[in-house]
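# Secondary and tertiary structure notes
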Amino acid sequence: MVGLDHDRVNPMVNLRTAALHLPIRQDTQFMLKAGIVGLPNVGKSSLFNALTAQGAPSENYPFCTVDPNIGTVEVPDPRLDRIHDLVASRQKIPTVVQFVDIAGLVKGASEGEGLGNKFLGNIREVDAIVHVLRCFDDPDVTHVLGEVDPLRDREVVNAELALADLDAVETRMEKTVRRARSGEREAQDEHALLERLQEQLGRGHPVRALDLTDRETKILRGFQLLTAKPVLYLGNVAESDLPQGENEWTRRVSEVLAEEEQDAHLVTLCSAIESELAELDPADRNEFLGDLGISEPGLHRLIRGTYRLLGLLTFFTAGEKESRAWTVRRGALAPEAAGTIHSDFERGFIRAETIGFEEFEGLGSLKAAREEGRIRSEGKEYLVRDGDIMLFRFNV
């Protein structure tokens, strides 16, 4: 069972031949791009180094990262490993997340302080934000604002992003008001939304906290506002805080997030330990984790958390050639999932032969699943589920 058709559904078209000659289009595969942000010296570049092993500079001084470092990271998924083993595919291809290490922000960035303009320009290009908060004390690692205080740091970064958005909103309002007064319906809708955004940002609150209509959400997409982007908070803790990864600072941050950003989540890890783990081979890494009392690297939780931040899910294709993970947004129907492999799969979609991962694992093979009649035939209205193993039949 693979993601390509193997049958002759239409006697005029050999779909097996057609499928084998269709290259997978890389531009159809969704790739989440997450920006790692925070004040200088909170552990952003060390985290990026551990994530990508690309050796981004991480010396102990502000603005060490000037240009954004970009790295593509595999999304760890034990289900893909298991599918690969059971199907005995020649190749295993995971889905990926792209992380961008962005220069440290300082107070006044919205007015160009530090590397503010460069920072804000880089962050506008990402889909989601990983906001790193320093939750450890170390006299050998300076803090740009003096004492360690992750809540204060969070407020500084969020305030600068809100001020930058407010400036963008007010500039756009000046351009929209004349069109709105002339009676242009789209301009009136846009101006009404801009007024709501101005009020929200003027209070220092992020745009993502607003309850918007579908129409407002569609208009908002064109604004590229920083505070509209989903955020995952990362608490960088000391090695002594492991394995729980908690301390007084992380507990305070969690309490404030519960009150002010109910949809926000805090993931904790020790970037120093993660950097050490990244340099070990798998066997030594597992032994090191065992000594720390940790079941998996904290980076795995971060990557999965970032992957889920935009409401994404994973489906799989599997066969002799390869087992592969694919990304679609939650709520995607079967033809859209087919389109992530190739646009022709979506255009000529007929049906999807599907089985859930847990059911497949219980049966032990795709052959057994077919013999037991457990592979379902789903049509165009099928809502893709996380963990589905799918074969798409199409005709073009």
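Here, the structure is the one placed above.
Residues numbered from 1 in each chain as written. Predicted model: local features only at pLDDT ≥ 70, side-chain atom pairs only at ≥ 80, totals over all residues. Heavy atoms only, no water.

### A closer look at the sheet that holds strand E1 (residues 32-37)
- Reading across from one edge, E2-E4-E1-E5-E6-E7 is the order of the 6 strands in this open sheet, with mixed pairing throughout. If you trace the sheet from one side to the other, it starts and ends with strand E2 (69-74) and strand E7 (265-269), each paired once. In this sheet, neighbouring strand axes are inclined to one another by 25° on average, regardless of whether the strands run parallel or antiparallel.
- One ladder, built from 5 bridges, connects strand E6 (residues 231-236) with E7; its direction is parallel. (Pairing = 2+ DSSP bridges. Helix = DSSP H or I, 4+ residues; strand = E, 2+ residues; numbered from the N terminus. Axes fitted to C-alpha atoms, helices over the stretch in contact; angles between N-to-C directions.)

### What about the nonpolar core?
- Of all hydrophobic cores here, the largest spans 53 residues; its most connected members are Ile36, Leu47, Leu51, Phe99, Ile123, Leu234 and Leu302.
- In this view, Ile36 contacts Lys44, Leu47, Phe48, Leu51, Phe99, Val100, Asp101, Ile102, Val130 and Val132; residues no more than four positions away in its chain are not counted.
- If you look at the next biggest cluster of nonpolar residues, it comprises 17 residues, including Leu313, Phe349, Tyr382 and Phe392. (Core = buried A, V, L, I, M, F, W, Y, C linked by side-chain atoms within 4.5 Å. Buried < 20%, exposed > 50% of the residue type's maximum accessible area, 1.4 Å probe, protein only. Contact = heavy atoms within 4.5 Å.)

### Describing the environment of Glu358
- Residue placement: Glu358 occurs in helix H14 (residues 357-363).
- A residue is classified by how much of its surface remains accessible, and Glu358, at 68% relative accessible area, is exposed.
- As for Glu358 and Asp388, which are separated by 30 residues in sequence, their C-alpha atoms are 9.1 Å apart.

### Looking at the packing of aromatic side chains
- In the structure shown here, the tally under the stated rule is 4 aromatic pairs.
- Ring centres 5.9 Å apart and planes at 90° place the aromatic pair Phe315 and Phe392 in the edge-to-face group. With a gap of 77 residues between them, Phe315 in strand E8 (residues 312-318) and Phe392 in strand E12 (residues 388-394) connect regions that are remote in the sequence. The residues Phe315 and Phe392 share a single accessibility class, namely buried.
- One aromatic cluster is present, formed by Phe315, Trp326, Phe349 and Phe392 through successive ring pairs.
- We note Arg134 situated over the ring of Phe136; from NZ or CZ to the ring centre the distance is 4.6 Å.
- The ring centre of Trp326 lies 4.3 Å from the NZ or CZ of Arg324, which sits over that ring. (Phe/Tyr/Trp six-rings, centres within 6.5 Å; stacked < 30°, edge-to-face > 60°. Lys NZ or Arg CZ within 6 Å of the ring centre and 35° of its normal.)

### Structural notes on the environment of Lys92
- Looking at where Lys92 falls in the secondary structure, it is placed in strand E3 (residues 91-93).
- Separated by 231 residues in sequence, Lys92 and Ser323 have C-alpha atoms that sit 5.0 Å apart.
- Sequence-distant contacts of Lys92, that is, excluding residues within four places in its chain, are made with Leu80, Asp81, His84 and Ser323.
- A distance of 2.8 Å separates polar atoms of two side chains, one belonging to Lys92 and the other to Asp81. (Polar contact = N/O pair within 3.5 Å; in protein donor to acceptor, adjacent residues only side chain to side chain.)

### What about the pairing of E8?
- Burial runs high along E8: 7 of the 7 residues are buried.
- Here E8 shows a buried face lined by Leu312, Thr314, Phe316 and Ala318 and a second buried face lined by Leu313, Phe315 and Thr317.
- In terms of strand pairing, E8 meets strand E9 (residues 322-329) through 7 bridges, oriented antiparallel. Each bridged residue has a counterpart across the sheet, and for Phe316 the counterpart in E9 is Ala325.
- If you look at the hairpin formed by E8 and E9, you'll find 3 residues sitting between the two strands.

### A few points about the environment of Gly35
- Along the chain, the position of Gly35 falls in strand E1.
- Assessed through its relative accessible area of 0%, Gly35 is described here as buried.
- Distance in space between the C-alpha atoms of Gly35 and Val126 is 5.8 Å, their sequence separation being 91 residues.
- In contact with Gly35, other than residues within four places in its own chain, are Val100, Ile102, Val126, Ala128, Ile129 and Val130.

### Some details on a negative patch on the surface
- Together, Asp281, Asp284, Glu287 and Asp291 line one region of the surface with negative charge.
- Its location among the elements puts Glu287 in helix H10 (residues 282-292).
- Overall, the relative accessible area of 52% leaves Glu287 in the exposed class. (Patch = residues over 30% accessible without salt bridge, like charges linked within 9 Å, V, L, I, M, F, W, Y side chains within 5 Å. Areas by Shrake-Rupley, 256 points an atom, 1.4 Å probe, with all protein chains shown as cover. Salt bridge = Lys/Arg side-chain N within 4 Å of Asp/Glu carboxyl O. Lys, Arg positive; Asp, Glu negative; His and termini not counted. Charge placed at Lys NZ, Arg CZ, Asp CG, Glu CD.)

### A closer look at H10
- All buried positions along H10 are accounted for by Phe288, Leu289 and Leu292. Down the axis of H10, the sector holding all buried residues measures 100°, keeping them to one side. What points out from H10, more than 90 degrees from its buried face, is the exposed set Ala283, Asn286, Glu287, Gly290 and Asp291.
- Lining the buried residues of H10 we find helix H9 (271-278).
- Positive backbone phi, approximately 75°, marks Gly293, located one or two places after H10. (Arc of directions from axis to C-beta.)

### Observations concerning the pattern of salt bridges
- Going through the model one piece at a time under the given rule, you end up with 26 salt bridges.
- Of the charged contacts, one joins Glu190 and Arg172 as a salt bridge, the two residues approaching to 2.9 Å between their closest N and O atoms. With Glu190 in helix H6 (residues 185-202) and Arg172 in helix H5 (residues 150-181), this residue pair connects regions lying 18 residues apart in the sequence.
- Overall, the relative accessible area of 11% leaves Glu190 in the buried class.
- Here Glu199 ties to Arg203 by a salt bridge, and the two come within 3.3 Å at their closest N and O atoms.
- Classification of Glu199 as exposed rests on a relative accessible area of 53%.
- Given a relative accessible area of 46%, Arg203 falls into the partly exposed group.

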